[in-house]
Amino acid sequence: MTERATGPLDGAEVVAHWGFVYDYDTDRGGGFVSGQFLLRSDGVLLWRMGGSSYHDGMSTWSFRAWEPVSWWPGETNPIALCAC
């Protein structure tokens, strides 16, 4: 994948970066998922899933590779993303 080889910015600049956590209802198994969104200056929106683990008094975070969000129309306004 190109994102992995060149990095998530690939010549663009960061417009906005968000982290998210979603709490599943207990009727869907319960638990949490987390990840990040990255909006670039060229209008590309990327996302990745990740999470933390805790062991011996330390938290460790790990994330999957960045992937493009296919439904995003290429808007560079972060307010428009929050309205989705």
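Data block above holds the structure.
Quick summary incoming for the structure in this document. What you see is a predicted model, and the numbers here were worked out from it, not measured in a lab. (Residues numbered from 1 in each chain as written. Predicted model: local features only at pLDDT ≥ 70, side-chain atom pairs only at ≥ 80, totals over all residues. Heavy atoms only, no water.)

Comments concerning the environment of glycine 43
Applied cut-off: Secondary structure elements are taken from DSSP: a helix is a run of H or I of four residues or more, a strand is a run of E of two residues or more, and numbering for both begins at the N terminus. Each residue is placed in one exposure class: buried if its accessible area under a 1.4 Å probe, protein chains only, is under 20% of its type's maximum, exposed if it is over 50%, and partly exposed if it falls in between. By the convention used here, residues are in contact when the closest approach between their heavy atoms is within 4.5 Å.
Along the polypeptide, glycine 43 turns up in the loop between strand 2 (32-40) and strand 3 (45-55). Overall, the relative accessible area of 3% leaves glycine 43 in the buried class. Considered as a pair, glycine 43 and glycine 11 are 32 residues apart in the sequence and their alpha carbons are 12 Å apart. For glycine 43, the contacting residues outside a window of four places in its chain are Trp72, Gly74, Glu75 and Thr76.

Some remarks on the packing of aromatic side chains
Basically, it comes down to this: Here the aromatic set is Phe, Tyr and Trp, taking the six-membered ring for Trp, and pairing holds for ring centres within 6.5 Å; pairs whose planes are under 30 degrees apart are stacked, those over 60 apart are edge-to-face, and all others are tilted. Criterion for a charge above a ring: Arg CZ or Lys NZ at most 6 Å from the ring centre, at most 35 degrees from the ring normal.
Inspection of the entire model under this criterion finds three aromatic pairs. Pairing tryptophan 61 with phenylalanine 63 gives two aromatic rings, centres 6.0 Å apart and planes at 10 degrees, and the pair type is stacked. On the accessibility criterion, phenylalanine 63 (31% relative accessible area) is partly exposed. Aromatic side chains tryptophan 71 and tryptophan 72 sit 6.1 Å apart centroid to centroid with 80 degrees between the ring planes, which places their arrangement in the edge-to-face category. Note on tryptophan 72: relative accessible area 10%, which makes it buried. The ring of phenylalanine 63 carries arginine 48 above its face, with NZ or CZ at 4.4 Å from the centroid.

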